[in-house]
Amino acid sequence: MSERREGALDEATIEARLKAELPAWRYEDGWIRRTYKTAGWKSTLMVINTVGHLAEAAWHHPDLTASYAWVEVRLMNHAAKGITDKDFALAAKIEEVVGWQPGAEGGPLEGTPTDPRFAYVKYDK
């Protein structure tokens, strides 16, 4: 990768922030990355669409790779040629929305049933 530009964070800062803010994400080959495991193709497409909506609303677009039961999200600021606060902000929003489990909150929304027919994202325990 080319030399990073102003606004890009150094590797030590990226690693420290991932550990503190986004522990399920990792830094690899110049990108911050997260792989979401899903229950199957329909769930994979729902994750892709969710990430797509958030990226478009933020006007900051990740690279995505998908297969039957997983989606990998990769973020890097191309203009800065590195990781910036924009990447962390979008990653945090993606993590918040994709990882949302209303049934675990005890509120009026019950969340996805535990019946495997309705399985969605394989949430980290």
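Remember, predicted model here, so these are calculated numbers, not experimental data.

Asker: So, the pattern of salt bridges: which residues are in play, and what are the values?
Answerer: On inspection of all chains with the given rule, the structure shows twelve salt bridges. Between Arg17 and Glu21 there is a salt bridge, with its nearest N and O atoms 2.9 Å apart. One end of the pair, Arg17, and the other, Glu21, are both in helix α1 (residues 11-21), four residues apart, so they sit about a helical turn from each other. In this structure, Arg74 and Glu72 form a salt bridge, with 2.8 Å as the shortest nitrogen-oxygen distance. The pair formed by Arg74 and Glu72 is uniform in burial state, with each residue classed as buried. Here the residues in one salt-bridge network are Arg26, Glu28, Asp29, Arg33, Asp63, Glu72 and Arg74, joined through shared partners.

Asker: Give me the side chain of Asn77: which residues, what numbers.
Answerer: By the element assignment, Asn77 lies in the loop between β4 (70-75) and α3 (85-98). At 3.0 Å, the side chain of Asn77 forms a polar contact with the backbone nitrogen of Ala79. Within the structure, Asn77 has its side chain in polar contact with the side chain of Thr84 (distance 3.3 Å).

Asker: Go over the pairing of β4 with me, naming the residues and quoting the values.
Answerer: Burial of β4 is extensive: five of the six residues sit out of reach of the surface. Sheet analysis places strand β2 (residues 31-37) next to β4, joined by six bridges and oriented antiparallel. Paired with Lys37 across the strands is Trp70, a residue of β4. The sheet contact formed by strand β3 (residues 63-67) and β4 spans five bridges and is antiparallel. When the bridges of β4 are listed, Thr65 appears paired with Glu72. Linking two consecutive strands that pair antiparallel, namely β3 and β4, is a turn of two residues.

Basis of the calculations
- Residues numbered from 1 in each chain as written.
- Predicted model: local features only at pLDDT ≥ 70, side-chain atom pairs only at ≥ 80, totals over all residues.
- Heavy atoms only, no water.
- Salt bridge = Lys/Arg side-chain N within 4 Å of Asp/Glu carboxyl O.
- Helix = DSSP H or I, 4+ residues; strand = E, 2+ residues; numbered from the N terminus.
- Buried < 20%, exposed > 50% of the residue type's maximum accessible area, 1.4 Å probe, protein only.
- Polar contact = N/O pair within 3.5 Å; in protein donor to acceptor, adjacent residues only side chain to side chain.
- Pairing = 2+ DSSP bridges.

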